[in-house]
Amino acid sequence: MIELLSNPVFGLFLTLICGSFFWWLKNVSKFTWISPLLFSIGLIIILLQGLNIPYEAYKQGADIIQNFLGPITVILAVPLYEHREDLMRHKSAIFIGTITGSFSALLVVFFLGHLFGLSELFIHSLMPKSVTTPIGISASEILNGIIGLSVVSIIITGLFGAFVAPAVFKVFKIKSAIAQGVALGTTAHVIGTGKAYEIDRVCGAMSGLSIGLAGVISIFWIVLYSAIVFP
Amino acid sequence: MVIFKQLNIIFAFYLTGEGIALLLPFSFPGGLIGLFLLYLTLLLKWLHLEDVKLLSDFFLKYMAFFFIPAGVSIISSYTLIESAIIPIIGVLIISTIITMAITGLVVDYLIKRVEHD
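Residues numbered from 1 in each chain as written. Chains lettered and ligands numbered in written order. Predicted model: local features only at pLDDT ≥ 70, side-chain atom pairs only at ≥ 80, totals over all residues.

Participant: Lay out the domain arrangement of chain B in plain terms, naming residues and giving numbers.
Facilitator: By the assigned domains, chain B splits into domain 1 (1-61) and domain 2 (71-117). The straight-line distance from the C-alpha centre of domain 1 of chain B to that of domain 2 of chain B is 29 Å. (Domains from an automatic or database assignment.)

Given below as structure tokens:
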């Protein structure tokens, strides 16, 4: 049995079947709040644990899928290119917004983590939480974080950010669609962008280009930080 | 064949990025260097959007699928995380609100200032 489960196609198949089920469910149902990603991760963990399948066996096939994250990072150039005119029109606001936004994301996690007594390992795993997943995984690798924890915290941040955005914009009186879009994209990456498109098209476009921009800028902050922490 | 061609282009940019990353004196993601190179190539019109459009639409639409294995990898360190789950959720929730407010306020301020000028 273990020979069959260690076949790389097993991990590939399990991921594909869980993924297609939850993406299908999201499409046919009215449950727009479903995160197919979070549900797929949960179901696969339950199946592996429940059926006593060693994680190492699953990993054989899962790694094939994970190897696409690098090329996917390259593809993030396309939406940045497509929105280059929106970017140039408000370049100083967007650049300064994503630079301060991604810096504050890292700084706040750093201080709150220490305040809550989290270990260095956890703090470093949580620091990439606002960065879009393919870039966030690279960030977690640079910081020697727990990659699984980084990914789950990126998803939780995205879901919570999209949920809390209307309240934050109301309390802090953030009214312009551009500001709302940049805030959503910088904080809650792709999931926030979905929310931004519900607000309006300008907000969505701003959010979409902020994802890649904030991701790139965050890496610069993180490389700088790691140069200080791990000399 | 179109898909093969577009995959070749993306993989070539990615591997070039990784190659350059190896030459750097510090650790930097190769995929991000590939991103810069592709953006530059599009900007200089050496490549056109149609040359990567089909593949990039697919990957951008189903990007989250490719994160599943990375998320599942949390089980190999679950016992480590279990004891700290409450402070971790606390950090995530509070920092998300603060980051979103700071980013929004900064951009809102800059846009209002431009409109006043």
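After presenting the structure, the write-up continues.
Participant: Any details on helix H10 (residues 133-142) of chain A? Residues and values, ideally.
Facilitator: Burial analysis of H10 of chain A places 9 of its 10 residues in the buried class, which makes it a mostly covered element. Among the residues of H10 of chain A, Thr133, Pro134, Ile135, Gly136, Ile137, Ser138, Ala139, Ser140 and Ile142 of chain A are the ones counted as buried. The secondary structure elements touched by the buried residues of H10 of chain A are helix H5 (69-75), helix H9 (120-126), helix H11 (147-171) and helix H13 (201-229) of chain A together with helix H2 (30-43) and helix H4 (68-72) of chain B. Asparagine 144 of chain A, located one to two residues past H10 of chain A, shows a positive phi value of around 55°. (Buried ≥ 20, exposed ≤ 12 C-beta atoms within 10 Å, placed from the backbone. Helix = DSSP H or I, 4+ residues; strand = E, 2+ residues; numbered from the N terminus. Contact = placed C-beta atoms within 7 Å.)

Participant: How would you summarise the nonpolar core if you had to cite specific residues and measurements?
Facilitator: In terms of nonpolar packing, the biggest core is built from 100 residues, with Val74, Ile75, Ala77, Val109, Leu126 and Val151 of chain A together with Val107 of chain B touching the most fellow members. In this structure, isoleucine 75 of chain A is in contact with Ile10, Ser56, Phe59 and Leu60 of chain B, ignoring residues within four places of it in sequence. (Core = buried A, V, L, I, M, F, W, Y, C linked by C-beta atoms within 7 Å.)

Participant: Break down the confidence of the model for chain B for me, citing the residues and quoting the values.
Facilitator: All names here are of chain B. Averaged over every residue, the pLDDT of chain B is 91; the share at 70 or more is 97%. Within chain B, helix H5 (residues 78-82) has the poorest average pLDDT of any element, 86, and helix H1 (residues 2-23) the best, 96. Predicted complex metrics record ipTM = 0.90 and pTM = 0.85. (pLDDT = per-residue confidence, 0-100.)

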